[in-house]
Amino acid sequence: MPEATVRVVDVYPYRLTPDRESGVELLLLRRAEGRSYARTWRMVGGSIEPGEAAWKTARRELLEETGCEPHRFWTLPSVNTFYEWQSDRINLTPAFGAELTHPSIDLNAEHDLYRWFSPTAACRRLEWPEQQRLARLTAEMALGPIPDALLIPPDAH
């Protein structure tokens, strides 16, 4: 029987843009040469360290990969679920929305380019259907009130 595991997180950074048709733009980062998923557009993501809560991983990875602290940070009420046949493993990946208001992005060495995309354009660049679904969910929820139970306060420890 396959093992189910939680080992990585996905973070969907976005900014509100009242002048845009969708009202939201999603930030995607292009993976650098020599890295896993090289030259592909991805959201922020990373591995959970031993003893680290998934939401703490998400906040840490956002800061490491973009240099940004979120203005509003919340858990999506869904997870990215996929199966790896090589390891006979089901991956359950917690997902988070992160509103950014910082004027610039400071990429780390894992990425060589970043761009802001409309939700539709972002989904055309994301390769995996579950990531596309979660990007659309992020954009949809970002425009409305986020339920209090999903919000992660800035001073949470």
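Below you will find a few notes about this structure. (Residues numbered from 1 in each chain as written. Predicted model: local features only at pLDDT ≥ 70, side-chain atom pairs only at ≥ 80, totals over all residues. Heavy atoms only, no water.)

1. Overview of the packing of aromatic side chains
How two aromatic rings sit relative to each other is given by the distance of their centres and the angle of their planes. Test applied: By convention, a stacked pair of Phe, Tyr or Trp rings (six-membered ring in the case of Trp) has centres within 6.5 Å and planes under 30 degrees apart, an edge-to-face pair has planes over 60 apart, and any other such pair is tilted. Comment: elements are numbered from the N terminus, with helices defined as DSSP H or I runs of at least four residues and strands as E runs of at least two. A simple rule labels every residue: compare its accessible area, found with a 1.4 Å probe on the protein chains alone, to the largest value its type can have, and call it buried under 20%, exposed over 50%, or partly exposed in between. Lysine NZ or arginine CZ positioned within 6 Å of the ring centre and within 35 degrees of the ring normal marks a charge as sitting over the ring.
Applying the stated criterion to the full structure yields 3 aromatic pairs. Judged by centre distance (5.4 Å) and plane angle (85°), the ring pair of tryptophan 41 and phenylalanine 117 falls under edge-to-face. Taken together, the residues span a long stretch of sequence, with tryptophan 41 in strand S4 (residues 41-42) and phenylalanine 117 in strand S8 (residues 111-117) at a distance of 76 residues. Take phenylalanine 117: its relative accessible area is 7%, and that puts it in the buried class. Geometry around tyrosine 37 places arginine 42 over its ring, the cationic atom sitting 4.0 Å from the centre.

2. Observations concerning empty space enclosed by the protein
Which entries qualify depends on this criterion: In this analysis, the protein atoms alone were mapped onto a 1 Å grid. Cavities are point sets where a 1.4 Å probe fits without being able to get out; pockets are open sets with protein on both sides within 12 Å along at least five of seven lines; lining residues have an atom within 4 Å of a point. Grid points are joined across faces, edges and corners, and a volume is the space filled by probe spheres set on the points. As a working rule, the residues Ala, Val, Leu, Ile, Met, Phe, Trp, Tyr, Cys and Pro are called nonpolar, Asp, Glu, Lys and Arg charged, and the rest polar, with Gly in that last group.
Summed over all chains, the structure comprises 1 cavity of 30 Å³ or more. Here the largest cavity is characterised by a volume of approximately 30 Å³. Every residue lining the largest cavity is listed: Tyr37, Thr40, Trp41, Arg42, Leu126, Glu127, Trp128 and Gln131. Here the residues of the lining of the largest cavity sort into 4 nonpolar, 2 polar and 2 charged.

3. Let's talk about the nonpolar core
The line we're drawing: Here, nonpolar core refers to any group of buried Ala, Val, Leu, Ile, Met, Phe, Trp, Tyr and Cys residues whose side-chain atoms link them within 4.5 Å. Contact criterion: two residues are considered in contact whenever any of their non-hydrogen atoms come within 4.5 Å of each other.
In this structure, Tyr12, Leu76 and Met141 are the most contacted members of the largest nonpolar core, which totals 23 residues. Secondary-structure elements contributing two or more residues to this core are strand S2 (8-16), strand S3 (24-31), strand S6 (72-84), helix H2 (119-125) and helix H3 (129-142). No other element matches H3, which puts 6 residues into this core. Sequence-distant contacts of methionine 141, defined by excluding residues within four places in its chain, comprise Trp74, Leu76, Pro77, Ile146, Pro147 and Leu150.

4. Comments concerning the pairing of strand S7 (residues 89-99)
Strand residues, when the strand is regular, have side chains that alternate between the two faces of the sheet. Note the cut-off: Between any two strands, at least two bridges found by DSSP are needed for them to pair.
Most of S7 is tucked away: 8 of the 11 residues are buried. For S6 and S7, the ladder comprises 10 bridges, and the chain directions are antiparallel. Bridge pairing in S7 places threonine 75 opposite phenylalanine 96. Counting the residues that bridge the hairpin from S6 to S7 gives 4 residues, and of these aspartate 88 lies at a positive phi of roughly 50°.

5. Considering the layout of surface pockets
Its boundaries defined by the atoms lining it, the largest pocket holds a volume of some 590 Å³. Residue lining of the largest pocket: 25 residues in total, with Val8, Tyr37, Arg42, Phe82 and Gln131 positioned closest to the centre. Those elements giving two or more residues to the lining of the largest pocket turn out to be S2, strand S5 (44-47), S6 and H3.

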